Amino acid sequence: MDNAWIVTLVALAAGLTQSLTGFGSALVSMALLPPLLGLRAAAPLVALMAGTIEISLLIRYWQALRFAAIRRLGLALILGIPVGLLGLRAVPERIALTVLGLVLCGYSAYAFFSPRLPDLRQRGWASVAGFLAGVLGGAYNTSGPPLVIYGHSQRWEPAEFKGNLQGLFLVNDVAVVLGHLLALGAAPSRPTPLDQLRPWLAGRRAASCLACAPARYASMSTRAQASMMAWSVSGS
């Protein structure tokens, strides 16, 4: 199958997952695209295109967004992104892919078993979760797991959960794209993010149309949505 068609199908799965659950597009994409494009090309592509999903969802859940709840998370996330970007270039790709696989499997196990988390109300937890999210976002554009776990510990309502995450993800994607643009370390023989822009957008449009149908899904708890998303990642 042509790479463009594969990227389109991945974008469809990623966009549908994010539209339904409020997160997960990067986890699905980064589980499938690195073997096809290479890790250093897939990471900025996913960051570049995930923003289109997040902007549309942020508009939808704008009124549920709580800036006070995510301010510390966002600041720590920005501080962690340069660490992840540097690590992506300093660590051999084979090791980086192994760590990515561990992250995906670990989060899938968490979402599947859905352990009940204690209330993490101390401010330091937001800094820890945000920094870890920034490191993972800079390296793999998978900032979701620490943020989702932290959101569960705060008992955010589904709409607030989705609104807060879209705001954080958008900050992550803008910072990651800018970081990759500054680094510009892609080899000429590798596909660049812009090479895959058109097929990704095609898959994104299809995902948007499909996501409009299952209105009942929006009332599910964030834990139930997380479990469903875990099945898509583990099945990848």
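Residues numbered from 1 in each chain as written. Predicted model: local features only at pLDDT ≥ 70, side-chain atom pairs only at ≥ 80, totals over all residues. Heavy atoms only, no water.

1. A word on the packing of aromatic side chains
Any pair of aromatic rings gets described here by the distance separating the centres and the angle formed by the planes. As a reminder, the rule being used: Only the six-membered ring of Trp is used, alongside the rings of Phe and Tyr, when aromatic pairs are assigned; centres must lie within 6.5 Å, and planes under 30 degrees apart are stacked while those over 60 apart are edge-to-face, with the rest tilted. With a 1.4 Å probe rolled over the protein chains alone, any residue whose accessible area is under 20% of its type maximum counts as buried; one over 50% counts as exposed, and the rest are partly exposed.
Considering all chains together, one arrives at four aromatic pairs under this definition. An angle of 75 degrees between the planes, with centres 5.8 Å apart, marks the rings of W62 and F67 as edge-to-face. Classification of F67 by relative accessible area gives exposed; the value is 51%. Each ring, one from F112 and one from F113, has its centre 5.1 Å from the other, and the planes form 85 degrees; the classification is edge-to-face. Residue classification places F113 among the exposed positions, given a relative accessible area of 65%.

2. Examining the nonpolar core
Stated precisely, the cut-off is as follows: Only buried residues count toward a nonpolar core, which is a set of Ala, Val, Leu, Ile, Met, Phe, Trp, Tyr and Cys residues joined through side-chain atoms within 4.5 Å. Numbering goes from the N terminus for both helices and strands, where a helix is a DSSP run of H or I of at least four residues and a strand is a run of E of at least two. Here, two residues are considered to be in contact whenever any of their heavy atoms come within 4.5 Å of each other.
Counting 49 residues, the largest nonpolar core has M30, L33, L73, Y140 and L147 as the members making the most contacts within it. At nine residues, the largest contribution of residues to this core is made by helix α4 (residues 39–60). The contacts of L147, once residues within four sequence positions are left out, are L73, L77, A129, A133, L165, L168 and F169.

3. Description of the pattern of salt bridges
Oppositely charged side chains may form a pair once their charged atoms are brought near each other. Quick note on the threshold: Criterion for a salt bridge: a side-chain nitrogen of Lys or Arg within 4 Å of a carboxyl oxygen of Asp or Glu.
This model, assessed by the stated rule, comprises two salt bridges. Where E160 meets R66, a salt bridge forms, and the shortest distance between an N and an O atom there is 2.5 Å. Highlighted residues: E160 in helix α9 (residues 158–183) and R66 in the loop between α4 and α5 (67–90), separated in sequence by 94 residues. On the basis of relative accessibility, which here comes to 13%, the residue E160 falls in the buried class.

4. A closer look at a nonpolar patch on the surface
Let me state the cut-off plainly: Patch membership needs two things, relative accessible area over 30% and no salt bridge, and members are linked within 9 Å if like-charged or within 5 Å if nonpolar (Val, Leu, Ile, Met, Phe, Trp, Tyr). For the area figures, the Shrake-Rupley method with a 1.4 Å probe applies, and any residue is considered shielded solely by the protein chains shown.
Together, L79, V83 and F131 give the surface a local cluster of nonpolar side chains, amounting to about 280 Å² of exposed area. Here V83 lies in helix α5. On the basis of relative accessible area, V83 is assigned to the partly exposed category, the value being 42%.

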